[in-house]
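# Observations on chain architecture
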Amino acid sequence: AQKITQTQPGMFVQEKEAVTLDCTYDTSDPSYGLFWYKQPSSGEMIFLIYQGSYDQQNATEGRYSLNFQKARKSANLVISASQLGDSAMYFCAMRGLHNAGNMLTFGGGTRLMVKP
Amino acid sequence: GAVVSQHPSWVICKSGTSVKIECRSLDFQATTMFWYRQFPKQSLMLMATSNEGSKATYEQGVEKDKFLINHASLTLSTLTVTSAHPEDSSFYICSARDGRTEAFFGQGTRLTVV
């Protein structure tokens, strides 16, 4: 069984500042992947960043970086230089990597609001 | 690449009628497709997983006779909400995977049953 926990239902950040969105997980799979998706008000799910459980380095994609601490089972998303367009729901998700058909398990989400 | 198109983006139907939602992978072959349901201000809940050419695997609590899923080809899966009722009103979103790590999502369908 897999579980994803996002403890921050809502977050405010000032434009141009950095923000960290928390995510902790629990799984019995020895290898797994961690994902972050952005969901704007229009509803589509936009893939942001991926971290494999055996990756040695933290993933980065432009202004997004993933602070992966395996021992603590956390995979926090860091957004640098926040922009107004970053206001959205953010979901942390994970998937076991043994079975190619394994589905994503999502956390409850964090609503990020960027203030001008 | 990796575009998933979901249609329609929104639909209003009368109670008792059926609604079909299509999910297409436009530039890759989706060996697996997933259907999720999302209530307002909540997370995505997996309804079912479908592999091309085989029956869908439904999550516990999801009525397979009410939510018919067909994955007839590597680029198309459909979700049919049969005999829809107001409580079926929700946001439905599909995702598709090939051999890559991440899943790609459609734009979602907002269903309102009146």
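This write-up is about the structure you can find in this document. (Residues numbered from 1 in each chain as written. Chains lettered and ligands numbered in written order. Predicted model: local features only at pLDDT ≥ 70, side-chain atom pairs only at ≥ 80, totals over all residues. Heavy atoms only, no water.)

## Section: the overall build of chain A
When you go through chain A residue by residue, the secondary structure sums to 0 helices and 12 strands. If you list the helices and strands of chain A from N to C, you get β-β-β-β-β-β-β-β-β-β-β-β. If you line up chain A on its principal axes, its C-alpha atoms span 45 × 30 × 20 Å. Buried positions account for 48% of the 116 residues belonging to chain A. When the accessible area of chain A is evaluated, it comes to approximately 5,500 Å², of which 50% is carbon and sulfur surface. Mean positive and mean negative side-chain charge positions of chain A (10 and 9 charges, respectively) differ by 3 Å. (Helix = DSSP H or I, 4+ residues; strand = E, 2+ residues; numbered from the N terminus. Buried < 20%, exposed > 50% of the residue type's maximum accessible area, 1.4 Å probe, protein only. Areas by Shrake-Rupley, 256 points an atom, 1.4 Å probe, with all protein chains shown as cover. Lys, Arg positive; Asp, Glu negative; His and termini not counted. Charge placed at Lys NZ, Arg CZ, Asp CG, Glu CD.)

## Here's the deal with the environment of E102(B)
As for its position among the elements, E102(B) is in the loop between strand 9 (90–97) and strand 10 (104–105). In contact with E102(B), not counting residues within four places along its chain, are F35(A), Y37(A), F47(A) and R97(B). (Contact = heavy atoms within 4.5 Å.)

## Observations concerning the sheet that holds strand 3 (residues 19–25) of chain B
All names here are of chain B. Sheet architecture is open: 4 strands sit in the order 1-3-8-7, paired in antiparallel fashion. Two strands lie at the open edges of the sheet, namely strand 1 (4–7) and strand 7 (67–73), each paired on one side alone. Taken over all neighbouring pairs, the strand axes of this sheet differ in orientation by 15° on average, direction set aside. In this structure, strand 1 lies alongside strand 3, joined through 4 bridges in antiparallel fashion. By the bridge assignment for strand 3, V4 is matched with S25. (Pairing = 2+ DSSP bridges. Axes fitted to C-alpha atoms, helices over the stretch in contact; angles between N-to-C directions.)

## Here we look at a nonpolar patch on the surface
Taken together, the side chains of W10(B), I12(B) and V114(B) make up a nonpolar region of the molecular surface, amounting to roughly 370 Å² of accessible area. In this fold, V114(B) is placed in the segment after strand 11 (109–113). (Patch = residues over 30% accessible without salt bridge, like charges linked within 9 Å, V, L, I, M, F, W, Y side chains within 5 Å. Salt bridge = Lys/Arg side-chain N within 4 Å of Asp/Glu carboxyl O.)

## Focus on the pairing of strand 3 of chain B
Residue and element names in this part refer to chain B. Side chains V19, I21, C23 and S25 of strand 3 all project onto a buried face; the interleaved residues K20, E22 and R24 project onto a face where none is buried. Note: strand 3 against strand 8 (residues 76–81), 6 bridges, orientation antiparallel. Bridge pairing in strand 8 links K20 to T80.

## Overview of the packing of aromatic side chains
Following the criterion strictly, the structure yields 13 aromatic pairs over all chains and no others. Here the aromatic residues F35(A), Y37(A), F47(A), Y50(A), F91(A), F106(A), Y36(B) and F105(B) are joined through ring pairs into a cluster of three or more. Here the basic side chain of R63(A) rests over the ring of Y64(A), its NZ or CZ set 5.8 Å away from the ring centre. When the ring centre of Y54(A) is taken as origin, the NZ or CZ atom of K70(A), which lies over that ring, is 4.3 Å away. (Phe/Tyr/Trp six-rings, centres within 6.5 Å; stacked < 30°, edge-to-face > 60°. Lys NZ or Arg CZ within 6 Å of the ring centre and 35° of its normal.)

## Comments concerning the state of the cysteines
Every disulfide links exactly two cysteines, by a covalent bond between their sulfur atoms. The tally for this structure, following the rule as stated, stands at 2 disulfides over all chains. The disulfide bridge from C23(A) ends at C92(A), spanning 2.0 Å between sulfur atoms. Measuring handedness by torsion sign, the sulfur bridge of C23(A) and C92(A) sits at about -65° and is left-handed. Here C23(A) is found in the loop between strand 3 (19–21) and strand 4 (24–27), whereas its partner C92(A) is found in strand 10 (residues 88–96), with 69 residues between them in sequence. C92(A) matches C23(A) in its accessibility class, with the two residues each being buried. Here C23(B) pairs with C94(B) through a disulfide, and the sulfurs are 2.0 Å apart. Disulfide C23(B)-C94(B): the torsion about the S-S bond is 80°, which places it as right-handed. Of the two residues, C23(B) is situated in strand 3 and C94(B) in strand 9; the sequence distance between them amounts to 71 residues. Classification of C94(B) by relative accessible area gives buried; the value is 0%. We note that C13(B) lacks a disulfide partner, and the nearest cysteine sulfur, in C94(B), lies 18 Å from it. (Disulfide = S-S within 2.5 Å.)

## Quick look at unusual backbone geometry
Along the chain, H7(B) connects to P8(B) via a cis peptide bond; the corresponding omega equals 0°. Its place among the elements puts P8(B) in the loop between strand 1 and strand 2 (10–13). One non-glycine residue with positive phi stands out, namely A81(A), at about 50°. Along the chain, A81(A) turns up in the loop between strand 9 (74–79) and strand 10. Accessibility expressed as a relative area gives 38% for A81(A), which makes it partly exposed. One non-glycine residue, S83(B), lies in positive phi territory at about 45°. Tracing the backbone through its elements, the reader meets S83(B) in the loop between strand 8 and strand 9. Relative accessible area serves as the criterion here: at 34%, S83(B) is assigned to the partly exposed category.

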